[in-house]
Amino acid sequence: MKNEKAILAAGCFWGVEELIRSVPGVLSTVVGYTGGDVPNATYRNHGTHAEGIEINFDADVLSYRKLLEFFFQLHDPTTLNRQGNDRGTSYRSAIFYLSEAQKETAEALIAEMTATRIWPGPIVTEVVPANLAVIVRQPPGIRR
């Protein structure tokens, strides 16, 4: 087994987590706030953090690219700081890469999707280093 980690943001973390947990190869998930300016973020005080999900997966079963392909099916990556009726930086689309290989994979996939015009507008998904993405974990019982 080859364990890897990914940190992604695609809108409401509870909804994204529920869908990602069902993907074969996903070992565990944790939701929280990431990529923002508030230490120890909470639901009521998370500043510019995104609602993110940390995904531990078996890369022998699920490649990082396949995980990103699924990620792009879960949300609209062309809406800036918004998913559905949820608005604000908390709901932005972002990939927080943990290695140069993850960055290259993310950028290549976005370029491919842009070239095919699969989406009606430009993809606004951020591809940023994970050193900006410390997941401030939210306990499972805390819901909106």
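Residues numbered from 1 in each chain as written. Predicted model: local features only at pLDDT ≥ 70, side-chain atom pairs only at ≥ 80, totals over all residues. Heavy atoms only, no water.

Undergrad: Can you break down the environment of Val30 residue by residue, with the values?
TA: Secondary-structure assignment places Val30 in strand β2 (residues 26–34). As for Val30 and Glu17, which are separated by 13 residues in sequence, their C-alpha atoms are 7.8 Å apart. (Helix = DSSP H or I, 4+ residues; strand = E, 2+ residues; numbered from the N terminus.)

Undergrad: Give me the lowdown on the pattern of salt bridges, citing residues and values where you can.
TA: Taken as a whole and judged by the stated rule, the model has 7 salt bridges. Glu18 is the salt-bridge partner of Arg21, the closest N and O atoms lying 2.7 Å from each other. By relative accessible area, which is 45% here, Arg21 ends up partly exposed. Taken together, the shared-partner salt bridges in this structure form one network comprising Arg65, Lys66, Glu69 and Glu112. (Salt bridge = Lys/Arg side-chain N within 4 Å of Asp/Glu carboxyl O. Buried < 20%, exposed > 50% of the residue type's maximum accessible area, 1.4 Å probe, protein only.)

Undergrad: Quick one: what's the story with the packing of helix α2 (residues 64–74) against helix α3 (residues 100–116), residue by residue and with numbers?
TA: With their axes 10 Å apart at the nearest point, α2 and α3 run at an angle of 45° to one another. Taken together, the axis directions place α2 and α3 in an arrangement best described as oblique. At the point where α2 passes α3, the crossing takes the right-handed sense. For the pair formed by α2 and α3, the contact residues are Tyr64, Arg65, Leu68, Glu69 and Phe72 on the first element and Gln102, Thr105, Ala106, Leu109, Ile110, Glu112 and Met113 on the second. Residue classes in the contact of α2 with α3 are distributed as 7 nonpolar, 2 polar and 3 charged. (Axes fitted to C-alpha atoms, helices over the stretch in contact; angles between N-to-C directions. Parallel < 35°, antiparallel > 145°, perpendicular 65-115°, else oblique. Left-handed = near helix turned anticlockwise from the far one by under 90°. Contact = heavy atoms within 4.5 Å. Nonpolar A, V, L, I, M, F, W, Y, C, P; charged D, E, K, R; others polar.)

Undergrad: Would you mind going over the nonpolar core in detail, with residue names and values included?
TA: Grouped together as the largest cluster of nonpolar side chains are 27 residues, with contacts concentrated most on Leu8, Ile55, Leu68, Phe72 and Ile95. Counting residues per element, this core draws most heavily on α2, which supplies 5 residues. Formed by 7 residues, the second largest nonpolar core is a distinct cluster that contains Ile7, Ala50, Ala94 and Val128. (Core = buried A, V, L, I, M, F, W, Y, C linked by side-chain atoms within 4.5 Å.)

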